[in-house]
Amino acid sequence: MSAQNTIPAFGLYGEQGPFPDVIHFEDFSVRAPINNWRIMPHRHSQMSQLFMVEKGWINATVDGEKFKVKEMDFLYIPEHCAHEFTFKPGSEGKIFSYPVSIVRTISPATDQILTALSKPFVGRVDQALERVTQFLCETVDGASLFRAQQVVGLAHSVLANLAETRLAARASEQRTKHARLFALDDLISKHISEGWTASNFASALSVSTGHLSRLCRAATGMGATAYIEQHQIQEACRLLAFTQLPVSEIGYRLGFIDPSYFSKRFRAARGQTPSDYRALFTN
């Protein structure tokens, strides 16, 4: 576990500058070897990423969930998720980075696609995904008159392929999120330490608190207050897994004034204390 007390947020890993292109792709060889095949905990607030392993493997931890990404597997990571990787030395593959503006503007947009792309997941690289990502790489490297438009279209094709893979693997998950809830997710991430209530978020979204609760309940089975707390607990999990902040400080950062109440709510949500959860990543 890292000794840091924050989870750094980057554009591309290790960089704070503006996003360099419509989308970005690079080989594992660009960053993994110079970092001794270990990518330290971080997150991206404004982009999703697709990792495709051609040779070797990646051991990844994403928001506390561990993934083994083998040869000819892919790993998709949406925005905001905290993650770290260990690559098998010599591994080969590609990383595609998609700004949130690309992900959210798939047309015609459907709540089902956006819901499928809202969680990290692993799958196999089939022929269709291999073809369209190869064409995307060639187009990004090209210089055609309408290069940007072609890149956006191909990026959407890749994302739609991933969403279809996700839905096929999780066919029993019937509930989908209303598009407005993705705006709520962004607001929660922005104001998570400020103690905003469901009423504050509803006002920011120009809806009533009751309507916001109905949207949350339709998508997740829980009201707006519980939905907001779920995000707080998820952020607590990230900080417990990827930093060494004291448990009480994590609670304060997430708007819980009383450390014992924070521990109580965490245990109710996760079935274990914050310290027990952290121990999963230190042993």
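Scroll up for the structure.
Residues numbered from 1 in each chain as written. Predicted model: local features only at pLDDT ≥ 70, side-chain atom pairs only at ≥ 80, totals over all residues. Heavy atoms only, no water.

A. Spatial organisation of the overall build of the protein chain. Secondary structure assignment for the protein chain yields eleven helices and nine strands. A compact globule built from 283 residues would reach a C-alpha radius of gyration of about 19 Å, and the protein chain, at 19 Å, matches this within 12%. Each principal axis of the C-alpha atoms in the protein chain carries an extent, and together these give about 55 × 45 × 40 Å. The buried share among the 283 residues of the protein chain stands at 47%. Considering only intrachain contacts with a sequence separation of at least 6, the fraction spanning at least 24 residues in the protein chain is 73%. (Helix = DSSP H or I, 4+ residues; strand = E, 2+ residues; numbered from the N terminus. Rg over C-alpha atoms; globule rule 2.2 N^0.38 Å. Buried < 20%, exposed > 50% of the residue type's maximum accessible area, 1.4 Å probe, protein only. Contact = heavy atoms within 4.5 Å.)

B. Quick peek at the pairing of strand β9 (residues 121-124). Of the two faces of β9, only the one carrying Phe121 and Gly123 is buried; Val122 and Arg124 on the other face are not. Bridge analysis of strand β6 (residues 73-77) against β9 gives four bridges, and the strand direction is antiparallel. For Asp73, the partnering residue across the bridge sits in β9 and is Arg124. (Pairing = 2+ DSSP bridges.)

C. A look at the sheet that holds strand β7 (residues 83-87). Taken in spatial order, the four strands make up an open sheet running β2-β7-β4-β5, and their pairing is antiparallel. Strand pairing shows two members of the sheet lacking a second neighbour, β2 (38-42) and β5 (65-69), which therefore form its edges. Taking each pair of neighbouring strands and ignoring which way they run, the sheet shows an average axis angle of 15°. Strand direction decides the pairing type here: strand β4 (residues 58-62) and β7, joined by five bridges, are antiparallel. (Axes fitted to C-alpha atoms, helices over the stretch in contact; angles between N-to-C directions.)

D. Region of the structure containing the environment of Ile95. Looking at the element boundaries, Ile95 is found in strand β8 (residues 92-99). A sequence separation of 67 residues divides Ile95 from Phe28, and the C-alpha atoms of the two residues are 6.9 Å apart. Apart from the residues lying within four places of it in its own chain, the contact partners of Ile95 are His24, Phe25, Glu26, Phe28, Gln49, Leu50 and Phe51.

E. Region of interest: the pattern of salt bridges. Tallied over the full model, the rule gives 15 salt bridges. Linked through salt bridges whose partners overlap, the residues forming this network are Arg43, Asp63, Glu235 and Arg238. (Salt bridge = Lys/Arg side-chain N within 4 Å of Asp/Glu carboxyl O.)

F. Expanded view of the nonpolar core. In this structure, Leu181, Leu184, Leu212, Ile250 and Phe266 are the most contacted members of the largest nonpolar core, which totals 35 residues. Broken down by secondary-structure element, the contributors of at least two residues to this core are α5 (179-191), α6 (198-204), α7 (209-220), α8 (224-242), α9 (247-253) and α10 (259-270). Ranked by the residues each element gives to this core, the list is headed by α8, at ten residues. Filtering out sequence-adjacent residues up to four positions away, Leu181 remains in contact with Leu212, Leu215, Cys216, Ala219 and Tyr227. If you look at the next biggest cluster of nonpolar residues, it comprises 28 residues, including Ile23, Val132, Val140 and Val158. (Core = buried A, V, L, I, M, F, W, Y, C linked by side-chain atoms within 4.5 Å.)

G. Expanded view of α5. With 13 residues, α5 ought to run about 18 Å at 1.5 Å a step, and its terminal C-alpha atoms sit 19 Å apart, in line with that. Contact partners of the buried residues in α5: α2 (111-116), α6, α7 and α8. (Expected span 1.5 Å × (residues − 1).)

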